[in-house]
Amino acid sequence: AGTGSSGFEAYTSDGALYCRVVEGFADYVAVPTFSPDSVDEFLDVLLQCADAFDGNALPVVLDVPLNGGGYLALAAATFMVLSPYADARAMVAVR
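Quick caveat, the model's predicted, so the values are computed rather than measured. (Residues numbered from 1 in each chain as written. Predicted model: local features only at pLDDT ≥ 70, side-chain atom pairs only at ≥ 80, totals over all residues. Heavy atoms only, no water.)

Trainee: Requested: an account of helix 2 (residues 72-82), with residues and values cited.
Mentor: Among the residues of helix 2, Leu-74, Ala-77, Thr-78 and Leu-82 are the ones counted as buried. Along the axis of helix 2, the buried positions cluster into a sector of 120 degrees, meaning they face one direction only. Exposed residues pointing more than 90 degrees away from the buried face of helix 2 are listed as Leu-72 and Ala-73. In this structure, the buried side of helix 2 is in contact with strand 4 (26-30), helix 1 (39-54) and strand 5 (60-63). (Buried < 20%, exposed > 50% of the residue type's maximum accessible area, 1.4 Å probe, protein only. Helix = DSSP H or I, 4+ residues; strand = E, 2+ residues; numbered from the N terminus. Arc of directions from axis to C-beta. Contact = heavy atoms within 4.5 Å.)

What follows is the structure, encoded as structure tokens:
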């Protein structure tokens, strides 16, 4: 994890998770895969991101560019950490 000119940013060593606070715009999270080299590192970085995001009132943008899948439990954990008041067990389809 590091700090850039835009404020907080953190990432896993394998690129499975990246987040940053874009001051005045949004909290940004990119998750290209839910199959990281290290689940522990993924969760550690995810919690760092959530802590940084809790310090502001910006909206959260979750970007899953070409996400190839991975561990369903890790996807659910990501949702629960970023949306603690939502129910990750709810299955909804909207057209």
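Trainee: Explain the nonpolar core residue by residue, including any values.
Mentor: Leu-17, Cys-19, Val-29, Val-31, Phe-42, Cys-49 and Phe-53 are the most contacted members of the largest nonpolar core, which has 15 residues in total. Counting residues per element, the ones that place at least two in this core are strand 3 (18-22), helix 1 and helix 2. Considering every element that reaches this core, the biggest residue donor is helix 1, with five residues. (Core = buried A, V, L, I, M, F, W, Y, C linked by side-chain atoms within 4.5 Å.)

Trainee: Any chance you could break down the pairing of strand 4 for me, citing the residues and the numbers?
Mentor: Remember that side chains alternate between the two faces of the sheet whenever the strand is regular. Counting buried residues in strand 4 gives four out of five residues, a clear majority hidden from the surface. The sheet contact formed by strand 3 and strand 4 spans five bridges and is antiparallel. Residue pairing in the sheet places Arg-20 in a bridge with Tyr-28 of strand 4. Two elements, strand 4 and strand 5, share four bridges in a ladder whose sense is parallel. What sits directly across from Tyr-28, in strand 5, is Val-61. In this fold, strand 4 hands off to helix 1, which returns the chain to strand 5; that crossover is right-handed. (Pairing = 2+ DSSP bridges. Right-handed = clockwise from strand over helix to strand, strands pointing away.)

Trainee: Please give an account of the pairing of strand 3 that cites residues and values.
Mentor: Only one face of strand 3 is covered, namely the one carrying Cys-19 and Val-21; the face carrying Tyr-18, Arg-20 and Val-22 has none of its residues buried. If you look at the hairpin formed by strand 3 and strand 4, you'll find three residues sitting between the two strands, and Gly-24 has a positive phi there, around 80 degrees.

Trainee: Describe the layout of surface pockets, and please don't skip the residues or the numbers.
Mentor: One number sums up the size of the largest pocket: a volume of about 160 Å³. Elements that contribute at least two residues to the lining of the largest pocket include exactly helix 1 and helix 2. Counting residues per element, the lining of the largest pocket draws most heavily on helix 1, at three residues. Along the lines of polarity and charge, the residues of the lining of the largest pocket split into eight nonpolar, one polar and two charged. (1 Å grid on protein atoms, 1.4 Å probe; cavity = no way out; pocket = protein on both sides within 12 Å on 5 of 7 lines; lining within 4 Å. Points joined across faces, edges and corners; volume = space filled by probe spheres on them. Nonpolar A, V, L, I, M, F, W, Y, C, P; charged D, E, K, R; others polar.)

Trainee: Can you lay out helix 1 for me, pointing to particular residues and giving the numbers?
Mentor: Since the α-helix turns once every 3.6 residues, residues separated by three or four places project in the same direction. Over its 16 residues, helix 1 runs 22 Å from end to end, which matches the ideal 22 Å to within 8%, given 1.5 Å per residue. Buried within helix 1 are the following residues: Phe-42, Val-45, Leu-46, Cys-49, Ala-50 and Phe-53. Buried residues along helix 1 cover an arc of 145 degrees about the axis, so they all sit on one side. The exposed residues of helix 1 that point more than 90 degrees off its buried face are Asp-40, Asp-51 and Asp-54. Tucked into the core, helix 1 has its buried residues touching strand 2 (7-11), strand 3, strand 4, strand 5 and helix 2. (Expected span 1.5 Å × (residues − 1).)

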